[in-house]
Amino acid sequence: EAEVAQSPRYKITEKSQAVAFWCDPISGHATLYWYRQILGQGPELLVQFQDESVVDDSQLPKDRFSAERLKGVDSTLKIQPAELGDSAMYLCASSYGGYDPGEQYFGPGTRLTVT
Amino acid sequence: SQQGEEDPQALSIQEGENATMNCSYKTSINNLQWYRQNSGRGLVHLILIRSNEREKHSGRLRVTLDTSKKSSSLLITASRAADTASYFCATDALNFGNEKLTFGTGTRLTIIP
């Protein structure tokens, strides 16, 4: 069964350093999502792509976070510089997209610890 | 921001018992979904119920939706140790052309063998 791939699974970085996460969605899925999940809370959407275009980045802290999906397939989320409050699980998900995208398929996540 | 709130925040039951968790939300929705998350892992989709549906079943799962009360419930029957996980409701708001999910705060379910 096809899965969403994410790497790395774990990342420890010092504050003020740059960090990047990678996501490869299920083949054929037009919509890709990046979520941040703080321990004990539900996932919160950071950015949503439809193919290579951003359709929602209203919750993305644009002074330090950036996301791209250049060819409409895999995607990279970057944080520069990292802050202590960025410690969280970063989840990538994908769906067929369109008018009624239905369920989302999640990757295993990247757990980020900023020291 | 969290659209939905699950209740209770945590639930412990004996294996074999039924588990019920509830979700309340604030705005009109297109559909509501339930997801499971095992500790430290990604989320797994369980079931989707549309705004014009009142009840849906999938295996040992039963979901109800009351749009007048803006609430949903998830029932897991004959619980198993493997059901230990966090359960989240997620609402797909009426925002045509830009569907996105807003997740609740989750219920942590522990099944005691």
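Residues numbered from 1 in each chain as written. Chains lettered and ligands numbered in written order. Predicted model: local features only at pLDDT ≥ 70, side-chain atom pairs only at ≥ 80, totals over all residues. Heavy atoms only, no water.

J.: Even after reading the chapter, I still don't get the overall build of chain A, so can you show me in this structure?
T.: Counting its secondary structure elements, chain A contains zero helices and 11 strands. Going from the N terminus to the C terminus, chain A shows its helices and strands as β-β-β-β-β-β-β-β-β-β-β. Whereas a compact globule of 115 residues would reach a radius of gyration of roughly 13 Å, chain A reaches 13 Å, a difference of no more than 12%. Across chain A, every contact between residues at least 6 apart in sequence was considered, and the portion connecting residues at least 24 apart equals 54%. For chain A, the exposed surface amounts to about 5600 Å²; the carbon and sulfur share of it is 48%. (Helix = DSSP H or I, 4+ residues; strand = E, 2+ residues; numbered from the N terminus. Rg over C-alpha atoms; globule rule 2.2 N^0.38 Å. Contact = heavy atoms within 4.5 Å. Areas by Shrake-Rupley, 256 points an atom, 1.4 Å probe, with all protein chains shown as cover.)

J.: How should the pairing of strand β11 (residues 107–112) of chain B be read in this particular structure?
T.: Remember that side chains alternate between the two faces of the sheet whenever the strand is regular. All names here are of chain B. Side chains of β11 alternate between two faces, with T107, L109 and I111 buried and R108, T110 and I112 left unburied. By the bridge criterion, five bridges tie strand β2 (residues 10–14) to β11 in an arrangement that is parallel. Bridge pairing in β11 links A10 to R108. With three bridges connecting them, strand β9 (residues 85–93) and β11 associate as antiparallel partners. Opposite Y87, over in β11, you have T107 as the bridge partner. (Buried < 20%, exposed > 50% of the residue type's maximum accessible area, 1.4 Å probe, protein only. Pairing = 2+ DSSP bridges.)

J.: Would you explain the environment of A:F49 in this entry?
T.: Within the secondary structure, A:F49 is located in strand β5 (residues 44–50). The spatial distance from the C-alpha of A:F49 to the C-alpha of A:G97 is 9.5 Å, given a sequence separation of 48 residues.

J.: Help me understand the nonpolar core in this model?
T.: Nonpolar side chains in soluble globular proteins generally cluster together in the buried interior. Residues B:L32, B:W34, B:L74, B:I76, B:Y87 and B:L109 are the most contacted members of the largest nonpolar core, which totals 22 residues. When residues of this core are traced back to their parent elements, those giving at least two are β2, β3 (19–24), β4 (29–37), β5 (43–50), β7 (61–66), β8 (71–76), β9 and β11 of chain B. In this structure, A:V19, A:C23, A:F49 and A:V114 belong to the second largest nonpolar core, which totals 20 residues. (Core = buried A, V, L, I, M, F, W, Y, C linked by side-chain atoms within 4.5 Å.)

J.: It is not clear to me how the pattern of salt bridges should be interpreted in this structure. Could you clarify?
T.: Think of it this way: side chains of opposite charge can pair up when their charged atoms draw near. Summed over all chains, the structure comprises six salt bridges over all chains. One salt bridge in this structure joins B:K56 and B:E53, with 4.0 Å as the shortest N-O distance. Exposure remark for B:E53: the relative accessible area of 25% places this residue in the partly exposed category. A salt bridge links B:R62 to B:E55, with the shortest nitrogen-to-oxygen separation between them at 3.2 Å. Note on B:R62: relative accessible area 30%, which makes it partly exposed. Connected through salt bridges with shared partners, the residues A:R64, A:E83 and A:D86 form a single ionic network. (Salt bridge = Lys/Arg side-chain N within 4 Å of Asp/Glu carboxyl O.)

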